[in-house]
Structure formats: C-alpha cells, structure tokens
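# Fold and geometry: a report
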Amino acid sequence: MPAADNQYTDFRSVAVDGLPFFTPKQRVPVGTVILEDGETEESVTPAFRPITIRGKTFQNRIWVAPMCMYSCQDGMFSDFHIVHYGQWAMRGSALITIEAAAVTLRGRNTPQDAGLYSDAHIAPLKRVVDMIHSQSQKAAIQLQHAGRKCGVTPPWLGLRVVPDEFGGYAKDVQGPTAEPWNENYATPSEMTEEEIWEAINGYGEAARRAVAAGIDVIAVHGAHGYLLHSFASPATNKRTDGWGGSFEGRTRFGIEVARAVRRNIPKDVPLFWKISAVDWMPEGEGWCLADTLRYVPILAAEGVDLFDVSSGGTDRRQQVQLGQQYQVPFAKAVKELGIPNLFVGAVGWIRDGATVHDILSNNKADVVHVAREFLRDPNFVQKVALSTGTKVTWIDQYHRAPSKSSLEPLFA
C-alpha cells in the first residue's frame, strides 16, 4: 500500500535499476578509497586515485585483464561467466575486461571461444555485463581475431589442431601469409583483399554489438601473434601488396580496424588496444620497440585512448626475457611519448601490492592490468589496499568482512 511504502522508504536498500533481479545499489563503488581526515585523492597511493577516460571515471587503477576461459558453446556466454566475472565485480576492480570474443566465426582461437559475430550473442553478454554493473563496476570486452592461431584445442588439451569431426575448422584458418605458427597449428590461407575487409568490418560490427550489450569500454587485441599483430610484424607478414611490405602497409590493417571500431561506438566509449611492444627477436627480424613508438601516435590519432603494453607471441623463435616487471619498461617508453589524453596500462607478473605501487607511483604506467593473480586471489584489490595502508570500500553486503586495519571504522 502507498502509505506503507512511503513509511519504509528510508529503511530499504535502493535497488539497482534496469536489472531482471534485485540487488542493493552500492552506497559507494566497491574499491573506492576511504579518505581519512586531511587526506585528498592526490595524497593517497596512486592505485586508488580515480582516473577518467572519455568522461568515464574509474575509482581505482587495479583492473582485471582479459583471460580466455574457452567455455562457450557457439560463442555464447553462460552462467559460468556470470559467476566468473562477478567474483571480481564484488571485490572492487574498477574495470573488468571480459575475455577475447571472436569478431568472425573463422576468427575463433578454439571452438569454445566467446563470440560477437552475431546479434544472437548480445543478450548472453548483457547478462554478464549486468552482473558487473550491479556491483558498481565497469565492463570492457576484448575483440579478437586469432589469425593463424585459430582452430586449436584449449591449452589444457595441448593447443593441437581440432579435427573436423570434433568441430574443427583447420581449412578456414587465415593469416597474412600461408605460414603456420608451428607444426601443431594449421597452415593458414593467405587472406584476400575481400577477406581482409570482411575481418575489418567484423571488428566494427562486434563493437556495435558490445555497446548494445552495455559494455563501457572496447578493447582490441592487437598483440601476441594474433591477426592484427601478425599483419604488423615483418616476421610474419611477407606480403607484397598494399597490406604488407613497408611499415605503412603492414600497419594498415590495424589502422582500418581502429577506424571501423570508432565508427560503430559512441564518442564517449573509450577504446583500448593491447599491443606487443617487441617480438623478442634479433634486430631487423621482427617488430621492435621503435616500431611501437611509431605506431602508437598513429593509432592514438585514430581514437585509441589506452595502450595495454605486452610483448611477444608472433614468432616461435622469440627469446622472451622473463622476470619481475619484464614488460613494464615498454609501457614506460610508451608513456614517455607524452601524448595528451593517452593512457598506458602495464601487464605481466604483477603479483603484489609493492609491485603495483612501484609501477604507478614511479609513473611507469597509468593503470595495471592483472590476470593470474586475480585467479589466485579474487581479493587482490583489497590485498593491494592492505599492503599500502589504504582503506577502501567493500561490498555493502559483506560489511562484517573487512579487517580492523581496513574498513571497520566505516561501519562502526
């Protein structure tokens, strides 16, 4: 009855609007710094200083990196993904990037990859996005074409070519040239002009579908030897037409993809780009840091807002020099370009609060993208907060969980 409803208005949790289920709206986004007397946002550890990109503000800078789960049927997200991504939304990562989604049917890495090559994929993705939004966080999705790495089994089954009778599609694998990644992968066909444009348009259409599903940020996978990277690198692109040869020819594919995505998303939707800064090959044989520093300003001019700086993956002869923060110097080099309104993410072996603090406080990057450590510890945001002596908000429903050293004063 109206009178009763009015009587109890001030004693009810406010519901999150627009959802098919009830959940209380968080009073403050989870993972937000709690300022003590005399503190300002500028005085707290950089990991918990808000950052704004194209008008979208993220309350912290510890973000979940995309991690393929190979758990989709016909490219459809499922209840598994709601639980999988929901765990981090409830624990305070300001941006959660959903795993790589194939932009064409032929672009799937495995038969169980996520997809955005059909409008039928919009509704299942929206269910995942709704869960992330319901917990006060933002959602990104990585758009992908696996190129010559298509058509294999998931890693735990050995990354072998899937036979046709088990849903394989080795005959449909594409690349810049007809050279396989290694003997366990299919030999790709060299893409025709028409196929190249089909893939480019696929990125644009996938971006449109992602926005229709409520995605906040579009992330393009341009690294790790997948299609965009394999076109850009001289180690894997031996074409002599307008899509190969010179630096301009090899990077044309990526530039056209950036344009296609931007045409299909609103101006206030940020566009991120994962890039392999180096191929870890001898000078002159592959993509090198100088190429990255030349490429980044071009893509930035096309509307890319943040570069997620990784490395390697395009040639099996690579000699990766693994170690603590082994990819961070590449991120720092991109940041030192000093391009206005361009942001940089650091990735790779980021496992503790001290590392996060070192990267961000020394201006090596603007944000960190963390993958495996979030799998090991879904509370990684809280772990960073505790290690840096920072108090941050938890999900309201877990109000009894925070330790005395972090949150109890908020709920006293």
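Everything numeric here is computed off the predicted structure, so don't read it as measured data.

How each quantity is defined
- Residues numbered from 1 in each chain as written.
- Predicted model: local features only at pLDDT ≥ 70, side-chain atom pairs only at ≥ 80, totals over all residues.
- Heavy atoms only, no water.
- Helix = DSSP H or I, 4+ residues; strand = E, 2+ residues; numbered from the N terminus.
- Buried < 20%, exposed > 50% of the residue type's maximum accessible area, 1.4 Å probe, protein only.
- Polar contact = N/O pair within 3.5 Å; in protein donor to acceptor, adjacent residues only side chain to side chain.
- Contact = heavy atoms within 4.5 Å.
- UniProt positions renumbered as here; feature names shortened; annotations may be inferred.
- Axes fitted to C-alpha atoms, helices over the stretch in contact; angles between N-to-C directions.
- Parallel < 35°, antiparallel > 145°, perpendicular 65-115°, else oblique.
- Left-handed = near helix turned anticlockwise from the far one by under 90°.
- Nonpolar A, V, L, I, M, F, W, Y, C, P; charged D, E, K, R; others polar.
- Core = buried A, V, L, I, M, F, W, Y, C linked by side-chain atoms within 4.5 Å.
- Salt bridge = Lys/Arg side-chain N within 4 Å of Asp/Glu carboxyl O.
- Expected span 1.5 Å × (residues − 1).

### What to know about the side chain of R209
Mapped onto the fold, R209 is located in helix α4 (residues 193-212). A relative accessible area of 10% means that R209 is categorised as buried. A distance of 2.8 Å separates a polar atom in the side chain of R209 from the backbone oxygen of L116. Excluding residues that lie within four positions of it along the chain, R209 makes contacts with L116, Y117, S118, D119 and I122.

### Comments concerning the environment of S189
Looking at the element boundaries, S189 is found in strand β8 (residues 189-190). C-alpha separation for the pair S189 and E99, spaced 90 residues apart in sequence, amounts to 26 Å. Look past the residues within four positions of S189 in its chain and what remains in contact with it is R106, V173, Q174 and G175.

### Digging into the UniProt feature "domain: NADH:flavin oxidoreductase/NADH oxidase N-terminal" (unreviewed entry) in the protein
The UniProt feature table records "domain: NADH:flavin oxidoreductase/NADH oxidase N-terminal" (unreviewed entry) at residues 48-385. What you have in residues 48-385 is 32% helix and 16% strand, and the ends, taken at the C-alpha atoms, are 8 Å apart.

### Focus: the packing of helix α7 (residues 289-301) against helix α8 (residues 328-335)
Following both chains from N to C, one finds α7 and α8 inclined at 40 degrees, their axes separated by 10 Å at the closest point. Put simply, α7 runs oblique to α8. Of the two possible hands of crossing, α7 and α8 adopt the one that is right-handed. Along its contact with α7, which presents L289, T292, L293 and V296, the element α8 presents F330, A333 and V334. A class-by-class count of the residues in the contact of α7 with α8 yields 6 nonpolar, 1 polar and no charged.

### Overview of the nonpolar core
The biggest cluster of nonpolar side chains holds 92 residues, and the ones touching the most others in it are I62, I98, I141, I218, F253 and W273. Apart from the residues within four sequence positions on either side, I98 is in contact with P66, F77, Y85, L125, V128, V129, I132, A140, I141, Q142 and I215. Listed in part, the 13 residues of the second largest apolar core include I51, A94, L306 and F343.

### Things to note about the pattern of salt bridges
Under the counting rule described, the total for this entry stands at 21 salt bridges. Two residues, D305 and R54, come together in a salt bridge whose shortest N-O distance is 2.8 Å. With D305 in the loop between α7 and β11 (306-310) and R54 in the loop between β1 (51-53) and β2 (56-58), this residue pair connects regions lying 251 residues apart in the sequence. The exposure class assigned to R54 is partly exposed, which follows from its relative accessible area of 33%. Among the ionic pairs, K274 bridges to D308, the shortest N-O distance being 2.8 Å. With K274 in strand β10 (residues 271-276) and D308 in strand β11, this pair connects stretches of sequence that are 34 residues apart. Neither residue differs from the other here; K274 and D308 are each classed as buried. One continuous salt-bridge network, built from bridges that share partners, spans D119, E205, R208 and R209.

### Considering α7
The end-to-end C-alpha separation of α7 is 19 Å, in line with the 18 Å expected for 13 residues at 1.5 Å each. For α7, every residue scored as buried is listed here: D291, T292, Y295, V296 and L299. At its buried positions, α7 is contacted by α6 (247-263), β10, β11 and α8. Looking one or two residues past α7, G303 carries a phi angle of roughly 110 degrees, positive in sign.

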